[in-house]
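# Report on the structure
Given next are the chains, with one letter for each unit.
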Amino acid sequence: MALVTSRQMLLDAQKGHYAVGAFNVENMEMVMAVVAAAQELRAPVMLQTTPSTVKYAGLSMYLAACRAAAEKASVPVAVHLDHGDSFQLAMQALRTGYTSIMIDGSHGIFEENIALTRRVVEACAPSGIPVEAELGKVGGKEDDLDGGNGGYTVPEEAAEFVRRTGVDSLAVAIGTAHGVYKGEPKLDVDRLRAIRELVSVPLVLHGASGLSEEAVEECIGRGICKVNFATELRMAYTDGVREVLASDAAVFDPKKYGKTAMARVKELVEDRMRMCGCQGKA
Ligand code: 13P
């Protein structure tokens, strides 16, 4: 089917007490694997690209691949700009045809984050494209940005932020981090519950690679409606490529290792979709 926006998808998830999986894709094979997993499990899905991914092949290349995969499938697929780092990039994604946009002003001060987010929300509104923003600092390194540590989302600030920006969904910092966790992360789920009590828009969990099933389920139980997975997909893809090349050094056809890499990504994504409880929701 044609691409959809993330708005209804996330509102349905909020109502149904599950989360939509949002998966970072880097190439055509990853797009195909994620959509195949969604199709198999009858799950709504979000495909997303960060600024560095966009720099690698261009917005229109990713959009074309995502659109082609979505049109062959019969489940709703949205294409999302992840961690949009400037007004200009958000507008480029909007004009290209992305159906969901994140503007990440969390590295600036509160008022700057509000001003930037509001500007993007106003610019996206006429086309009906929903906007995600971030308040507080998710740790670790996402893309070229180092989130640093701490800076958890303050519930009262989250309420003010959503009211003043009109944003459609909000990424919160409760102790997750992008990248590989060194130990078991301690998530501040009480903070998440407090944010949920003051904020009515769908909440987003970044940095889900490496979280336990229990942790993800607990966060969904306390209001998370979208869960982002990136690092694990990159690892699954690369492990697949490595395995084929290591077992046969004479391989030179990209389709050979591409097939194995796709199978690895699909298997992982299906598992993460079950974790999110979004199977059978399309
Ligand atoms: P991970 O790389 O930790 O899965 O985080 C993904 C993410 O939050 C993308 O925005």
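Here, the structure is the one placed above.
Attention here is on the structure that accompanies the text. Because the structure is a prediction, the values reported are computed rather than measured. Every chain is numbered on its own, with residues counted from 1 as its sequence reads. Side-chain atom pairs in this predicted model are given and counted only at pLDDT of 80 or more, local residue features only at pLDDT of at least 70, and totals for whole chains, interfaces and linings cover all residues. In computing side-chain properties, one takes all heavy atoms of the structure into account and sets aside hydrogens as well as water.

Here the focus is the state of the cysteines. Pairs of cysteine sulfur atoms within 2.5 Å are identified as disulfides in what follows. Inspection of every chain in the model, using the stated rule, returns zero disulfides. Cys66 takes part in no disulfide bond, and the closest cysteine sulfur, belonging to Cys278, lies 17 Å away. Cys278 takes part in no disulfide bond, and the closest cysteine sulfur to it belongs to Cys276, at a distance of 5.2 Å.

Following both chains from N to C, one finds helix 10 (residues 231-247) and helix 11 (residues 254-276) inclined at 145°, their axes separated by 8 Å at the closest point. The crossing of helix 10 and helix 11 is right-handed. Touching Glu232, Leu233, Ala236, Tyr237, Gly240, Val241, Glu243, Val244 and Leu245 of helix 10 are Lys256, Tyr257, Thr260, Ala261, Arg264, Val265, Leu268, Val269 and Arg272, all from helix 11. Each residue belonging to the contact of helix 10 with helix 11 can be placed in one class, and the counts come to eleven nonpolar, two polar and five charged. Axis definition: a line fitted to C-alpha atoms, limited for helices to the stretch in contact. Angles are taken between N-to-C directions and run from 0 to 180 degrees. To qualify as a helix, a DSSP run of H or I must reach at least 4 residues; to qualify as a strand, a run of E must reach at least 2; elements of each kind are numbered from the N terminus. Crossing handedness follows the turn of the near helix against the far one: under a right angle anticlockwise gives a left-handed crossing, and clockwise gives a right-handed one. Contacts are residue-level and defined by heavy atoms, with any inter-residue pair within 4.5 Å sufficient. Charged residues are taken to be Asp, Glu, Lys and Arg, nonpolar residues to be Ala, Val, Leu, Ile, Met, Phe, Trp, Tyr, Cys and Pro, and polar residues to be all remaining types, Gly included.

Now for the site of the ligand. To be near a molecule or strand, a residue needs just one of its heavy atoms within 4 Å of it. Taken together, 15 residues surround the ligand, and among them Asp82, Gly207, Ser209, Ala230 and Thr231 come closest. Between N or O atoms, a polar contact is any pair within 3.5 Å; within protein, one atom must be a potential hydrogen donor and the other a potential acceptor, and residues adjacent in sequence are included only when both atoms are from side chains. Taking His83, its side chain carries an N or O atom lying 3.2 Å from an oxygen atom of the ligand. One of the side-chain N or O atoms of Thr231 is found 2.5 Å from an oxygen atom in the ligand. Among the elements of the structure, strand 3 (77-84), strand 9 (177-178) and strand 11 (224-229) are those that each provide at least two residues to the shell around the ligand. Looking at the shell around the ligand residue by residue, the classes come out as four nonpolar, nine polar and two charged.

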